[in-house]
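The chain contents come next:
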Amino acid sequence: MVEALIALAIVAIMAGVVFETVWQMGGAAARSGDQRAALLLARSVLAASTVDSPVAPIAARGRDGALSWAVSIQNWNGENDGGLTLREVRVTITDARSGVVLARLDGMKGSS
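Structure report, in brief. Bear in mind that the values here come from a model prediction, so they are computed numbers and not experimental data.

### Describing the nonpolar core
V91 and I93 are the most contacted members of the largest nonpolar core, which totals 13 residues. Secondary structure elements with two or more residues in this core: α1 (2–50), β2 (67–75), β3 (85–95) and β4 (101–111). Among the elements that take part in this core, α1 stands out by supplying five residues, more than any other. Among residues more than four places away in sequence, those in contact with V91 are A42, V45, L46, S49, A70, V71, A103, R104 and L105.

Here you go:
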């Protein structure tokens, strides 16, 4: 009888470990998907904010589903080469619900 109780306790512990592992793997997969979506959005926003276009420029702040973006553009303190003005563009993507930063990309924008 004691052996059966010990075996049952071991099985219960193993089942708990298996369920915890599956739970963690599911959470990691969800975070990975969120970060991948954030990186794709960051690349799109960075591209839209660094290209001069005849259409209206992208907004400095916005939201796409559960993701929010913020674009900051600052003059770059490097030396001007041939009259070209350089600006540093930073795109930050956050989870709109929690405010956690999921992606951040930096780029340069040149204009004469």
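### What to know about the pairing of β2
As paired strands, strand β1 (residues 61–64) and β2 are joined by four bridges and run antiparallel to one another. Residue pairing across strands places R63 opposite S68, the latter belonging to β2. The turn joining β1 and β2, which pair antiparallel and follow one another in sequence, is formed by two residues; a positive phi near 65° is taken by G65.

### Quick look at the sheet that holds β2
One open sheet holds the four strands; their spatial order is β1-β2-β3-β4, and the pairing between them is antiparallel. The open sheet has two free edges, formed respectively by β1 and β4, since each of these has just one partner strand. Within the sheet, the average angular offset between the axes of one strand and its neighbour, ignoring direction, is 20°. α1 contacts β1, β2, β3 and β4 of the sheet and is inclined by roughly 15° relative to β4.

### Remarks on a nonpolar patch on the surface
On the surface, V2, I6, I10 and M14 cluster together to form a nonpolar patch covering roughly 400 Å² of accessible area. By secondary structure assignment, the location of I10 is in helix α1.

### Brief notes about the environment of M108
The topology assignment puts M108 in strand β4. Classification of M108 by relative accessible area gives partly exposed; the value is 41%. Residues M108 and Q74, spaced 34 residues apart in sequence, show a C-alpha to C-alpha distance of 9.6 Å. Those residues in contact with M108 that sit more than four places away from it in its chain are T50, W76, L86, R87 and E88.

### Topic: the side chain of S68
The topology assignment puts S68 in strand β2. On the basis of relative accessibility, which here comes to 19%, the residue S68 falls in the buried class. Beyond its immediate chain neighbours, meaning those up to four positions away, S68 contacts G62, R63, T92, I93, T94 and A96.

### Regarding the side chain of T92
Looking at where T92 falls in the secondary structure, it is placed in strand β3. Among the residues examined, T92 registers a relative accessible area of 15% and is labelled buried.

Conventions and cut-offs
Residues numbered from 1 in each chain as written. Predicted model: local features only at pLDDT ≥ 70, side-chain atom pairs only at ≥ 80, totals over all residues. Heavy atoms only, no water. Core = buried A, V, L, I, M, F, W, Y, C linked by side-chain atoms within 4.5 Å. Buried < 20%, exposed > 50% of the residue type's maximum accessible area, 1.4 Å probe, protein only. Helix = DSSP H or I, 4+ residues; strand = E, 2+ residues; numbered from the N terminus. Contact = heavy atoms within 4.5 Å. Pairing = 2+ DSSP bridges. Axes fitted to C-alpha atoms, helices over the stretch in contact; angles between N-to-C directions. Patch = residues over 30% accessible without salt bridge, like charges linked within 9 Å, V, L, I, M, F, W, Y side chains within 5 Å. Areas by Shrake-Rupley, 256 points an atom, 1.4 Å probe, with all protein chains shown as cover. Salt bridge = Lys/Arg side-chain N within 4 Å of Asp/Glu carboxyl O.

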